[in-house]
Amino acid sequence: MAIAPTKKLNVPITKPSLTEEEARAPFDSIKSGWVTQGPKVAEFEKAVATYVGAKHGIATTSCTTGLHLALASIGIGPGDEVICPSFTFIASANAILYTGATVVFCEIDPRTFNIDPADAEKRITKKTKAIMPVDQIGLACDIGAVNDIATKHGLKVVEDAAPAIGESYRGRKVGSNAHQTVFSFHPRKIVTTGEGGMITTDDDELADRARKLRAHGMSVSDLDRHKADRVIIEEYPELGFNYRMTDIQASIGLVQLRRLDELLRLRRARAQRYNEELPGIKGLEIPFVPPYAEHTYQSYCVRLTKDCPLDREDLMTELLRRGIATRRGVMASHLEKTYTDRNGKVSLPVTEEATRSTMLIPLYATMTDAEQSWVIDSLREILGSR
């Protein structure tokens, strides 16, 4: 039986960076009485679109509903197929399923853990209507290669950039490189509104349709009716959803967005320290970042190599006994019952190896030197030096 460590420092896997300014931000909305989707949401949409270099931002209740809305807005439905990597949080695939379409899982690049464009192309059929690449863990996928394949085959691209706001691909911000990009503002992400999401696009017609569909298909928004100098009776020409963000959330998001570059700087500094110190520890491989991308480090993902002295679950348990929270890397969605029941057995060996051998360790903007040292020292003590 292992001996309990003599020292313990509680280090969470992540922690949102929220200040007094975020706490005060909803005051004006609450005081005005306009707490649902209204002027603050419109301001937040414009701010995000401007930051990433897109024409339009469409705020939603979450990244999941944003993905569903993005797919619904381009008419994805029963009988269609959408290609998506399995190595992703299950919400990516679920959003496709919500439309009634079929999820076609594809492989990942073994170094970046992002979509393998060549493998995705092999899975295109006459039923394929879209590709949904994922910017996994905050690293931009090779969206250029995906766009080229989509153009060649007449497909749409919906980029799941849940953890990647502030990230760049070949010098351009994520959010301006795909037909539609969808971000998350969950507390685990770089910028948070508690819950929330955002679609960005340059497509005027699509943006108008998405805004209508997120509000039950309503022909005119509440905000436009409120500002009008005449009575407007709205219509509901098609089935829509209730995916509206509140002004309370948007007011917090506006503060977070102003702090985004600083939050990224702090995260990358912590990641750089891991990059420098972890290679000296037996059995660990640090994240790979290709030359075309940067990394937000929403999470710091290590791979356990074949010479790791412990298997992943034992290592996670040892770290937990020292007060250090960890998570498995990323699930293989095609192995979950929701998809085995529908798709049967799908073989994705690169994905399956990655989901077995990866692990997330703590990283967040407010992480202290002492907390990070405790993580590094604990890994070195448990696994030994190279």
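Residues numbered from 1 in each chain as written. Predicted model: local features only at pLDDT ≥ 70, side-chain atom pairs only at ≥ 80, totals over all residues. Heavy atoms only, no water.

Relative to strand β4 (residues 128-131), strand β2 (residues 81-85) is paired through three bridges, and the arrangement is parallel. When the bridges of β4 are listed, V82 appears paired with A130. For β4 and strand β5 (residues 156-160), the ladder comprises two bridges, and the chain directions are parallel. By the bridge assignment, A130 is partnered in β5 with K156. The β-α-β motif built from β4, the intervening helix α7 (residues 143-153) and the parallel element β5 has right-handed crossover chirality. (Pairing = 2+ DSSP bridges. Helix = DSSP H or I, 4+ residues; strand = E, 2+ residues; numbered from the N terminus. Right-handed = clockwise from strand over helix to strand, strands pointing away.)

Over its 18 residues, helix α11 (residues 260-277) extends 26 Å from the first C-alpha to the last, a length consistent with the 26 Å expected when each residue adds 1.5 Å. Of the surrounding secondary structure, the elements contacted by the buried residues of α11 are α3 (39-52), α10 (247-258), β11 (300-304), β13 (358-361) and α15 (369-383). (Expected span 1.5 Å × (residues − 1). Contact = heavy atoms within 4.5 Å.)

It is worth spelling out the sheet that holds β5 at this point. Spatial ordering of the open sheet is given by β1-β9-β8-β5-β4-β2-β3, a layout of seven strands whose pairing is mixed. For this open sheet the edge positions go to β1 (56-60) and β3 (102-106), each flanked by a neighbour on one side alone. Strand after strand, the sheet turns through a mean of 25° between neighbouring axes, direction not considered. Strand direction decides the pairing type here: strand β8 (residues 180-184) and strand β9 (residues 197-201), joined by four bridges, are antiparallel. Across the sheet, the residue bridging to V182 is I199, located in β9. Relative to the sheet, helix α8 (residues 204-213) contacts β1, β8 and β9, its axis offset from that of β1 by approximately 20°. (Axes fitted to C-alpha atoms, helices over the stretch in contact; angles between N-to-C directions.)

This next bit is on the state of the cysteines. Tallied over the full model, the rule gives zero disulfides. For the unlinked cysteine C84, the closest cysteine sulfur is that of C106, found at 6.9 Å. Exposure remark for C84: the relative accessible area of 0% places this residue in the buried category. This cysteine, C308, is not joined by any disulfide, and C301 carries the nearest cysteine sulfur, 13 Å off. Residue C308 is classed as buried on the basis of its relative accessible area, which comes to 13%. (Disulfide = S-S within 2.5 Å. Buried < 20%, exposed > 50% of the residue type's maximum accessible area, 1.4 Å probe, protein only.)

Take helix α12 (residues 312-321) next. For α12, the set of buried residues is R312, L315, M316, E318 and L319. The buried side chains of α12 occupy one side of the element, clustering within an arc of 160° when seen end-on. Capping the start of α12 is the job of one residue whose side-chain oxygen sits 3.3 Å from the backbone nitrogen of E313: D311. (Arc of directions from axis to C-beta. Polar contact = N/O pair within 3.5 Å; in protein donor to acceptor, adjacent residues only side chain to side chain.)

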